[in-house]
Amino acid sequence: MELLINTACVHWFNPLSWIFLKYFFADMELACDAKVIKNLNERQTKEYALAILTCASGKTFFASAFGGTKTKLRLETILSYKKLTLFSSLCFAVLLISLAIIMVTNATV
């Protein structure tokens, strides 16, 4: 992460570097939310979403360590989080193995 900030400082004149940094921080914040709710049950997930909403409403002092992603997007992502099923894991594994075989054998379609 420090490398990205240093790159943005060196390329301060390039608007694409700042746009990239903004989206990187937003994605990192959503990834942190996903990591937190991964091991929570439904009730705890709702409590976590309520805590974020309370913090964002200004009732408590809260400063985001990342990009300050919009609260509505974070809450929608948290409340619609679905755990990976065995079937979807197997489908993903088949896709990865197929891609690996195609790339290793240099097969053309």
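Residues numbered from 1 in each chain as written. Predicted model: local features only at pLDDT ≥ 70, side-chain atom pairs only at ≥ 80, totals over all residues. Heavy atoms only, no water.

1. Considerations on the overall build of the protein
Alright, step 1. A count of helical and extended segments in the protein gives five helices and zero strands.
Alright, step 2. Along the protein, helices (α) and strands (β) appear in the sequence α-α-α-α-α when read from the amino end.
Alright, step 3. Burial status across the protein gives 15% buried among its 109 residues.
Alright, step 4. When contacts within the protein are restricted to residue pairs at least 6 apart in sequence, long-range pairs at least 24 apart make up 56% of them. (Helix = DSSP H or I, 4+ residues; strand = E, 2+ residues; numbered from the N terminus. Buried < 20%, exposed > 50% of the residue type's maximum accessible area, 1.4 Å probe, protein only. Contact = heavy atoms within 4.5 Å.)

2. What about the environment of Glu76?
Alright, step 1. Relative to the helices and strands, Glu76 is located in helix 4 (residues 71–79).
Alright, step 2. Glu76 gets classed as partly exposed once you look at its relative accessible area, which sits at 45%.
Alright, step 3. The sequence separation of Glu76 and Ala49 amounts to 27 residues, and the corresponding C-alpha distance is 9.1 Å.

3. Concerning the nonpolar core
Alright, step 1. Counting five residues, the largest nonpolar core consists of Ile37, Ala49, Ile52, Leu75 and Ile78.
Alright, step 2. If you list the elements that add at least two residues to this core, you get helix 3 (42–56) and helix 4. (Core = buried A, V, L, I, M, F, W, Y, C linked by side-chain atoms within 4.5 Å.)

4. Some details on helix 2 (residues 15–37)
Alright, step 1. Compared with an ideal rise of 1.5 Å per residue, which puts 23 residues at 33 Å, helix 2 spans 34 Å between its outermost C-alpha atoms and is within 8% of the ideal.
Alright, step 2. Ser17, Leu21, Phe25, Met28, Glu29, Leu30, Asp33 and Ile37 are the residues of helix 2 that are buried.
Alright, step 3. Close packing links the buried residues of helix 2 with helix 1 (2–10), helix 3 and helix 4.
Alright, step 4. The N-cap residue of helix 2 is Asn14: its side-chain oxygen and the backbone nitrogen of Leu16 are 3.0 Å apart. (Expected span 1.5 Å × (residues − 1). Polar contact = N/O pair within 3.5 Å; in protein donor to acceptor, adjacent residues only side chain to side chain.)

5. Some words on the packing of aromatic side chains
Alright, step 1. As enumerated under the stated definition, the model contains two aromatic pairs in all.
Alright, step 2. Through a chain of ring-to-ring contacts, three or more aromatic side chains come together here, namely Phe20, Phe24 and Phe25.
Alright, step 3. Between Lys22 and the ring centre of Tyr23, over which it is positioned, the NZ or CZ distance is 5.8 Å. (Phe/Tyr/Trp six-rings, centres within 6.5 Å; stacked < 30°, edge-to-face > 60°. Lys NZ or Arg CZ within 6 Å of the ring centre and 35° of its normal.)

6. Considering the packing of helix 2 against helix 4
When two helices pack together, their arrangement is captured by the angle between the axes and the distance separating the axes.
Alright, step 1. The geometry of helix 2 relative to helix 4 is characterised by a closest axis approach of 10 Å and an angle of 30° between their N-to-C directions. Regarding helix 2 and helix 4, the two cross each other, and that crossing is right-handed. Residue-level contacts link Glu29, Leu30, Asp33 and Ile37 of helix 2 to Leu73, Arg74, Thr77 and Ile78 of helix 4.
Alright, step 2. A class-by-class count of the residues in the contact of helix 2 with helix 4 yields four nonpolar, one polar and three charged. (Axes fitted to C-alpha atoms, helices over the stretch in contact; angles between N-to-C directions. Left-handed = near helix turned anticlockwise from the far one by under 90°. Nonpolar A, V, L, I, M, F, W, Y, C, P; charged D, E, K, R; others polar.)

7. Considerations on the pattern of salt bridges
Where charged atoms from two side chains of opposite charge come close, those side chains can pair.
Alright, step 1. The full count for this structure, using the stated rule, is four salt bridges.
Alright, step 2. Within this structure, Glu29, Asp33 and Arg74 form a network of salt bridges that share partners. (Salt bridge = Lys/Arg side-chain N within 4 Å of Asp/Glu carboxyl O.)

8. Description of the side chain of Ser17
Alright, step 1. In this fold, Ser17 is placed in helix 2.
Alright, step 2. Excluding residues within four positions of it along the chain, Ser17 makes contact with Ala8 and His11.

9. Here's the deal with the confidence of the model for the protein
Fine structural detail should not be taken from predicted coordinates in areas where pLDDT scores are low.
Alright, step 1. Scored by pLDDT, the protein has a mean of 80; 85% of the residues are at 70 or more.
Alright, step 2. Here helix 1 stands out as the least confident element of the protein, with mean pLDDT 76; helix 5 (residues 86–105) is the most confident, with 91. (pLDDT = per-residue confidence, 0-100.)

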